[in-house]
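# Structural overview for review
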Amino acid sequence: MENNEINNSELETMRAQIALLKDKLDKETIVSEKLLRDTMRHKARTINNNAWISVVASIFVIFWALTFLPSEGFSWWFTGATILMMLVCDFFTWKYHKDVNAKTMSGDLLTVAKVMKQLRDNYKKWLKYSIAMIAVWFVWFAIEYCIQLSDWRVAVIMIVALLIGLAIGGFIGLKMHNAVIRNAEEIISQIEEGEDIVEEQE
């Protein structure tokens, strides 16, 4: 009789310890998921901030194209092409980032991972298209500028100055581009690591 009571007491103690352990693991999982969500939202805001900077830069270029290019004798075709190029960039920026929002980041992790993978892949593909557009735009600019100036030396100086400006802008743009890809990949990695931890705990 006494042995049965001792066994029952030990069994109850074991059950209580298991319940405490399970409760502790559940709380750790909740805290881990909250930290993961907070980190993802922070990185998502960083990603979208880069998009807004790009849009603001494009608005500045559009304003510059409307005020500077016609007054300097550039054709309206070139002015229109410059504005169209910026609008195309803005459209794809919106398209790539439209799902990177609070609703998505609060949803299931599988959807978040899919959105981030799509964003990363889109940015990688967009780089070669943007380089091609800028190259065509620069050649067109150089041709029209040479036509406007009778002194080829002044034209060369201005084209070199523009090249330096493009190089600086390209460096900043590439850093922002890589930052978006890096943040997207970090979110994907964190989701995959978080899923592995949950599976181990289960």
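Residues numbered from 1 in each chain as written. Predicted model: local features only at pLDDT ≥ 70, side-chain atom pairs only at ≥ 80, totals over all residues. Heavy atoms only, no water.

On to the packing of helix 2 (residues 76-97) against helix 4 (residues 109-148). Relative orientation of the contacting elements helix 2 and helix 4 amounts to 175°, with a least axis distance of 11 Å. In terms of their interaxial angle, helix 2 and helix 4 are classed as roughly antiparallel. Counted together, W77, F78, A81, T82, M85, V88, C89, F92, Y96 and H97 of helix 2 and L119, N122, Y123, W126, M133, W137, W140, F141 and E144 of helix 4 form the full contact between these two elements. Of the residues belonging to the contact of helix 2 with helix 4, the class tally is 15 nonpolar, three polar and one charged. (Axes fitted to C-alpha atoms, helices over the stretch in contact; angles between N-to-C directions. Helix = DSSP H or I, 4+ residues; strand = E, 2+ residues; numbered from the N terminus. Parallel < 35°, antiparallel > 145°, perpendicular 65-115°, else oblique. Contact = heavy atoms within 4.5 Å. Nonpolar A, V, L, I, M, F, W, Y, C, P; charged D, E, K, R; others polar.)

So, on to helix 2. The terminal C-alpha atoms of helix 2, which comprises 22 residues, lie 31 Å apart, in line with the 32 Å expected from a rise of 1.5 Å per residue. Within helix 2 the residues assigned to the buried category are F78, T79, T82, I83, M85, M86, C89, D90, T93, Y96 and H97. Angular distribution of buried residues about the axis of helix 2 spans 155°; they occupy a single face of the element. Residues of helix 2 that are exposed and point over 90 degrees away from its buried face: W76, W77, L84 and W94. (Expected span 1.5 Å × (residues − 1). Buried < 20%, exposed > 50% of the residue type's maximum accessible area, 1.4 Å probe, protein only. Arc of directions from axis to C-beta.)

What follows covers the confidence of the model for the chain. Here the chain shows a mean pLDDT of 81. Residues at 70 or above account for 79%. Averaged pLDDT values for the elements of the chain fall to 71 in helix 1 (residues 2-67) and rise to 94 in helix 2. Predicted confidence for residues 25-31 stays below pLDDT 50, and this span has four contacts to residues more than four positions away or in other chains. Scored below 50 in pLDDT, residues 196-202 makes four contacts in the model with residues more than four places away or belonging to other chains. (pLDDT = per-residue confidence, 0-100.)

Quantified by volume, the largest pocket comes out at close to 1,400 Å³. As for the largest pocket, its lining consists of 41 residues, and the residues nearest its centre are M86, I134, G169, G170 and G173. Those elements that provide at least two residues to the lining of the largest pocket are helix 1, helix 2, helix 4 and helix 5 (152-201). For the lining of the largest pocket, the element with the most residues is helix 5, which contributes twelve residues. (1 Å grid on protein atoms, 1.4 Å probe; cavity = no way out; pocket = protein on both sides within 12 Å on 5 of 7 lines; lining within 4 Å. Points joined across faces, edges and corners; volume = space filled by probe spheres on them.)

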